[in-house]
Amino acid sequence: MSNGGSPLERLIPPGSLLACFNVVTASAIGTGVLTLPWAIKESGLGLGLILVVCAALVANISLNILMMAACKTRSRSYADLLAWCIGPLAGPLIDFLIFFETLVSISCYFIFLGDFSSELLMLFDVPAWLKEKSNLVLLSLVIIAPLCLPSKLSYLRYTSTVSLVGLFWTTVVVVTKTPSLYRQRTGQASGIGGNGEAGEHSIQWMVLSPDCLKTASIGVFAFFCHFNIVPAARELKNPTTNRMLALTTTSSIFLVVFFSLLASCGYLSWLDDLQEDFLANYPPEDPLVIVSRVLLTATMVCMVPLMVHPMLSSLTALAQWNTTRSDDKRTHDRLLPAGTGSDVQASSYGTADETSSSFCEGRRDDDPESGRTRRYAQRGEKDAQVPPAVGGSAEPGKAKRNGVLKVGGLPFRVGVVAVILTTNV
């Protein structure tokens, strides 16, 4: 690993385990964090924690499978990996669904960001225009827009740390306030019962009702970071099986520990008086809660680029999609190592993306333009062209794409980001 670069880059090198951990873990931290205590209230403390842990286990297993499969098949995206398993037509379908889902989610994030930040600024003596939700959302674009432009997730490894710090701080604040708040709540009743029979404010350990399904869905959503796991697998340096297991396991453990603490202590602090947004229960002028709100607002800002990344990837793949399939050797060739006399196919969902035969047990080339086939928009032509390898007649990444704007390039990303963000705002 290089010793050069800035101190920050040496602290969190691109492609390192820490960089990928930050991005993958931050991708799961969103607005669902605020509803975790309420989910525990709906199902009971015991059953709720069981459902949260089960959701974490399912997420960890699925992340391991996706990461290893993405590395084994050298897939470039979530949809590309599915196309390997089902067929090339599944790729554009999943890309469309990912694009639509992330677009709607980003709209919801902007709505939440406007509401959350305006309520926070009501506590301060700031100009009236700064308390307007629309103005706050527009100001947030100054930070969000530049973060959406990089084509690699590793560029977001620093801002992703903000989400981890926000979750850590909020959990610590909630945990430290729980003992006194719990005594206040239970002091209004005669005791604590297993099913609430001793008083109104008592712990519910298990609530068997259709509301348990809400807890299960919130738990699954809380651990969802799967759209970014395939790019993280591609960017992870020396992606051996042990390193991939270490990444997914540490991320899942971090999330399940802090989510469980936040959910259980948030519920124990307010019991039956708990609101759906548990922070609304706390005094708004509490300095510790104010810091927590500021960090969670920053978390929402940093979360948008993590959602724009898979959306842009899907949009780029759709723009480059060519329904023309290559010859019948495609399925046979995609798992053959380089140098066996079979060309690697390009510009199609579910095709090999690297010529390396290491199958992720060695260090991959850091240059995304070398050793990989690229996708090209060749609408109107029967077959896509594979760019020359390193040392060929053309420089990597400099091939012409039908004489038009390079799909997936920086100007393309700038235009798409501008349209998407302004449309959502």
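> What is the right way to look at the overall build of the chain in this model?
Helix and strand counts for the chain stand at 14 helices and 0 strands. Listing each helix as α and each strand as β along the chain from the N terminus yields α-α-α-α-α-α-α-α-α-α-α-α-α-α. Buried positions account for 51% of the 425 residues belonging to the chain.

> When you look at the packing of helix α6 (residues 90-121) against helix α12 (residues 287-320) in this model, what are you seeing that I'm missing?
Each packed pair of helices is defined by two parameters, the angle between the axes and the distance between the axes. At a minimum axis separation of 9 Å, α6 and α12 run at an interaxial angle of 160°. On the basis of their axis angle, the class for α6 and α12 is roughly antiparallel. The handedness of the crossing between α6 and α12 comes out as left-handed. Of the residues contributing to the contact of α6 with α12, the split by class is 26 nonpolar, 5 polar and 3 charged.

> Looking at this structure, I do not really get the nonpolar core. What am I missing?
As a rule of thumb, nonpolar side chains are buried together in soluble globular proteins. Membership of the largest hydrophobic core comes to 58 residues, with the highest contact counts inside it found for L167, F223, L255, F259, F278, L279 and Y282. Elements supplying a minimum of two residues to this core: α2 (17-26), α3 (36-43), α4 (45-73), α8 (160-186), α9 (212-222), α10 (229-235), α11 (241-270) and α12. Sort the elements by how many residues they give to this core and α11 lands first, with 13 residues. When neighbours within four sequence positions are excluded, F259 is seen to be in contact with A28, V33, L36, L167, A222 and F223. In terms of nonpolar packing, the next biggest core, distinct from the first, is built from 23 residues, F99, V137, L147 and L312 among them.

> What am I meant to see in the packing of aromatic side chains here?
On inspection of all chains with the given rule, the structure shows 9 aromatic pairs. Note on F112 and F116: the rings are 5.1 Å apart at their centroids and 20° apart in plane angle, and the pair reads as stacked. With F112 and F116 both in helix α6, this residue pair falls 4 residues apart, about one helical turn. Assessed through its relative accessible area of 4%, F116 is described here as buried.

> In this structure, what is going on with the environment of L66? I would like to understand it.
Checked against the element boundaries, L66 lands in helix α4. The class of L66 is buried, set by a relative accessible area of 16%. Sequence separation between L66 and L81 is 15 residues, and the spatial gap between their C-alpha atoms is 8.2 Å. Ignoring any residue separated from it by four or fewer positions in sequence, one finds L66 in contact with Y78, L81, H226 and I229.

> Is there a simple way to explain the environment of G15 in this structure?
Its place among the elements puts G15 in the loop between α1 (7-11) and α2. Considered as a pair, G15 and L236 are 221 residues apart in the sequence and their alpha carbons are 4.5 Å apart. Setting aside its immediate chain neighbours within four residues, G15 contacts C20, S154, E235, L236, K237 and R243.

Thresholds, definitions, all that
Residues numbered from 1 in each chain as written. Predicted model: local features only at pLDDT ≥ 70, side-chain atom pairs only at ≥ 80, totals over all residues. Heavy atoms only, no water. Helix = DSSP H or I, 4+ residues; strand = E, 2+ residues; numbered from the N terminus. Buried < 20%, exposed > 50% of the residue type's maximum accessible area, 1.4 Å probe, protein only. Axes fitted to C-alpha atoms, helices over the stretch in contact; angles between N-to-C directions. Parallel < 35°, antiparallel > 145°, perpendicular 65-115°, else oblique. Left-handed = near helix turned anticlockwise from the far one by under 90°. Nonpolar A, V, L, I, M, F, W, Y, C, P; charged D, E, K, R; others polar. Core = buried A, V, L, I, M, F, W, Y, C linked by side-chain atoms within 4.5 Å. Contact = heavy atoms within 4.5 Å. Phe/Tyr/Trp six-rings, centres within 6.5 Å; stacked < 30°, edge-to-face > 60°.

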